[in-house]
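For reference, the chains in residue letters:
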Amino acid sequence: MKIVAADVIVSSPDRNFLTLKITTDDGVTGLGDGTLNGRELSVASYLRDHVVPLLIGRDPHRIEDTWQFLYRSAYWRRGPVTMAAIAAVDVALWDIKAKAARMPLYQLLGGASRTGVMAYGHASGRDLPELFDSIRHHLELGFRSIRVQTSVPGINAVYGVAAQHSADGKRYDYEPAQRTPLPAEEDWDTRSYMRHLPGVFEAVRHEFGPELPLLHDGHHRMTPIQAARLGKDLEPYDLFWLEDCTPAENQEALRLVRQHTTTPLAIGEVFNTVWDYQTLIREQLIDYVRSAVTHTGGITAMRKLLDFAAQYQIKSGIHGPTDISPVGMAAALHLDLAIHNFGIQEYMRHGALTDEVFRQSFTFADGYLHPGEQPGLGVELDEEAAARFPYVPAYLPFNRLQDGTVHDW
């Protein structure tokens, strides 16, 4: 079997996605997700101009060899663009291999380690009544774990609050990438946020009781000492995790946070290799790995990263919002089902147009996801539907402090 074609498809149903379709001389096709939110065309160029010519004629079954070739032969390693491109190739090759074996992908990864994959939903509100309504809505949808994001008095727009970003005030599935020629500017005040948040979790616990697993995303906006303080302040409310409490490029910063709080920590959605985690995992400074299959070199790399984490009793919490396409989501679910150290899976439903372009076999019921039993990933791309939704420029917002300083969003 040889690779005879590799097509890069950029489409924008509901939002922009980058899909790689690899075809073999036997007519078997595989899909990979290379979406990099707000920078999709950079990955498209990397694939079309530099990677696709290297794939033609290669044996698709040599997945490890192809991964190492794409990583090492470029010389300039790592980075989100390179690793998203490698991930797209890697996942497409796993899709082909599983289809050729006539098995769902998780079977090739060792088979199922559980009957389903626990997922968490995204509740948010501009005030407590709206937040409570959102939590109840997600519970009615079947979620058994809830991420809580809230507006902060005095801040006009806050990451993760759906209704606050809607022009007409109506709720929608939160997608912060806006189809505008320039990124939207938002404001931020860390002290106001830190004063406000513990009271929100106190109210949520009073309303919904102690059993409901609650999560929160700090989205890289705190210094290490601020993150330590917030983690300590949130301890009475028994969070499942506090996510991205501080920018973790400085891995040693988590030592300070860990010294001051027992709130579990999840880190890594902006990481793209195992090297970003080396200190964090070895010194047990985090509890959950947040990388996405799509941004971290694919299934091959993520499996190795999570096996490394398992040695230190650190679990998975794979990134899975709507800027991960259904192809990337399916890849995550097959990995989730197979690994032993699974923790939880982020899940946000895609829109109807996305579901039209990507035909999916994975399911969600009673709080659990399952990738399905179709051979391969279980996702098929409708290329005619994809062609109806051309790329539209879109950018994530950015923050400024009151004095105009650019701040982590």
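All of these numbers come straight from a predicted model, not from anything done at the bench.

### Quick look at the overall build of the chain
Right, so step 1: Helix and strand content of the chain: 13 helices and 18 strands.
Right, so step 2: Principal-axis analysis of the C-alpha atoms gives the chain an extent of 60 × 45 × 40 Å.
Right, so step 3: Taking all 409 residues of the chain together, 59% fall into the buried category.
Right, so step 4: By sequence separation, contacts in the chain at least 24 residues apart represent 71% of the contacts at least 6 residues apart.
Right, so step 5: Summed over all atoms, the accessible surface of the chain reaches about 16,600 Å², with 51% contributed by carbon and sulfur.
Right, so step 6: Charged side chains of the chain number 38 positive and 52 negative; the gap between the two group centres comes to 4 Å.

### Details of the confidence of the model for the chain
Right, so step 1: Put simply, the chain has an average pLDDT of 95, and 97% of its residues get 70 or more.
Right, so step 2: A low-confidence stretch, residues 167-172 stays under pLDDT 50, and its non-local contacts, those more than four residues away or across chains, total eleven contacts.

### Notes on helix α3 (residues 80-101)
Right, so step 1: Taking 1.5 Å as the rise per residue, α3 with 22 residues should run 32 Å; its terminal C-alpha atoms sit 31 Å apart, in good agreement.
Right, so step 2: The element α3 is largely enclosed, with a buried count of 17 among its 22 residues.
Right, so step 3: Of the residues trailing α3, R102 is marked for its positive phi of about 60 degrees.

### Re the domain arrangement of the chain
Right, so step 1: With domains assigned, the chain is organised as domain 1 (3-104) and domain 2 (109-373).
Right, so step 2: The C-alpha-based centres of domain 1 and domain 2 are spaced at 26 Å.
Right, so step 3: Buried surface at the junction of domain 1 and domain 2, both sides included, amounts to about 2,400 Å², of which 57% is carbon and sulfur.
Right, so step 4: Joining domain 1 to domain 2, the criterion identifies two salt bridges.
Right, so step 5: Two residues, R78 and D276, come together in a salt bridge whose shortest N-O distance is 3.4 Å.
Right, so step 6: Applying the counting criterion to the domain 1 and domain 2 interface returns 18 residue pairs in polar contact (both at pLDDT 80 or more).
Right, so step 7: Per element, the largest residue contribution to the side of domain 1 that touches domain 2 is eight residues, and it comes from α3.
Right, so step 8: Partitioning the side of domain 1 that touches domain 2 into residue classes produces 15 nonpolar, eight polar and six charged.

### Focus on the pairing of strand β2 (residues 17-24)
Right, so step 1: Taking burial as the measure, the eight residues of β2 include eight buried ones, the bulk of the element.
Right, so step 2: Because side chains alternate across β2, one face comprises the buried residues F17, T19, K21 and T23, and the other comprises L18, L20, I22 and T24, equally buried.
Right, so step 3: Across eight bridges, the pairing between strand β1 (residues 3-11) and β2 is antiparallel. Counterpart to V10 in the pairing with β2 is L18.
Right, so step 4: Counting the residues between successive antiparallel strands, the hairpin from β1 to β2 contains five residues, one of them, D14, with a positive phi of roughly 75 degrees.

### Here we look at the packing of aromatic side chains
Right, so step 1: Considering all chains together, one arrives at 15 aromatic pairs under this definition.
Right, so step 2: Between F143 and Y347, the aromatic rings sit 6.2 Å apart at their centres with planes inclined by 40 degrees, giving tilted as the arrangement. A residue pair is termed long-range when its members are at least 10 positions apart, and F143 in the loop between α5 (128-141) and β5 (146-150) and Y347 in the loop between β12 (345-346) and α12 (352-357) qualify at 204 residues. Here F143 and Y347 have matching classes, each one buried.
Right, so step 3: The ring of W188 has R221 lying over it, and the distance from NZ or CZ to the ring centre is 4.1 Å.

### Details of the sheet that holds β1
Right, so step 1: Strand order across the open sheet formed by three strands is β1-β2-β3, with antiparallel pairing between neighbours. One side of each edge strand has no neighbouring strand; the edge strands of this open sheet are β1 and β3 (29-33). Each neighbouring strand pair of the sheet contributes to a mean axis angle of 20 degrees, computed without reference to strand direction.
Right, so step 2: Strands in contact with α3 are β1, β2 and β3; relative to β3, the strand with the most contacts, it is inclined by about 150 degrees.

### Looking at unusual backbone geometry
Right, so step 1: The residue D14 is not glycine, and still its phi comes out positive at about 75 degrees.
Right, so step 2: Structurally, the position occupied by D14 is in the loop between β1 and β2.
Right, so step 3: Relative accessible area serves as the criterion here: at 35%, D14 is assigned to the partly exposed category.
Right, so step 4: Even without a glycine there, the phi angle at D366 is positive, about 55 degrees.
Right, so step 5: Position of D366 relative to the elements: it lies in the loop between β14 (363-365) and β15 (368-370).

### A few points about the nonpolar core
Right, so step 1: Among the nonpolar cores identified, the biggest contains 120 residues, and I22 and L47 are the most heavily contacted of them.
Right, so step 2: Sort the elements by how many residues they give to this core and α3 lands first, with twelve residues.
Right, so step 3: The two domains that each donate at least three residues to this core are domain 1 (3-104) and domain 2 (109-373).
Right, so step 4: Contact partners of I22, with chain neighbours within four places excluded, come to I3, A5, A6, V28, T29, G30, L55, V89, A92, L93 and I96.

### Things to note about helix α8 (residues 253-260)
Right, so step 1: Every buried residue of α8 is accounted for by A253, L254 and V257. Buried residues of α8, viewed axially, fall in a sector of 90 degrees; they line one side.
Right, so step 2: On its buried side, α8 packs onto α7 (224-234), β9 (265-267) and α9 (278-282).

Calculation criteria
- Residues numbered from 1 in each chain as written.
- Predicted model: local features only at pLDDT ≥ 70, side-chain atom pairs only at ≥ 80, totals over all residues.
- Heavy atoms only, no water.
- Helix = DSSP H or I, 4+ residues; strand = E, 2+ residues; numbered from the N terminus.
- Buried < 20%, exposed > 50% of the residue type's maximum accessible area, 1.4 Å probe, protein only.
- Contact = heavy atoms within 4.5 Å.
- Areas by Shrake-Rupley, 256 points an atom, 1.4 Å probe, with all protein chains shown as cover.
- Lys, Arg positive; Asp, Glu negative; His and termini not counted.
- Charge placed at Lys NZ, Arg CZ, Asp CG, Glu CD.
- pLDDT = per-residue confidence, 0-100.
- Expected span 1.5 Å × (residues − 1).
- Domains from an automatic or database assignment.
- Buried area = accessible area lost by both parts, 1.4 Å probe.
- Salt bridge = Lys/Arg side-chain N within 4 Å of Asp/Glu carboxyl O.
- Polar contact = N/O pair within 3.5 Å; in protein donor to acceptor, adjacent residues only side chain to side chain.
- Nonpolar A, V, L, I, M, F, W, Y, C, P; charged D, E, K, R; others polar.
- Pairing = 2+ DSSP bridges.
- Phe/Tyr/Trp six-rings, centres within 6.5 Å; stacked < 30°, edge-to-face > 60°.
- Lys NZ or Arg CZ within 6 Å of the ring centre and 35° of its normal.
- Axes fitted to C-alpha atoms, helices over the stretch in contact; angles between N-to-C directions.
- Core = buried A, V, L, I, M, F, W, Y, C linked by side-chain atoms within 4.5 Å.
- Arc of directions from axis to C-beta.

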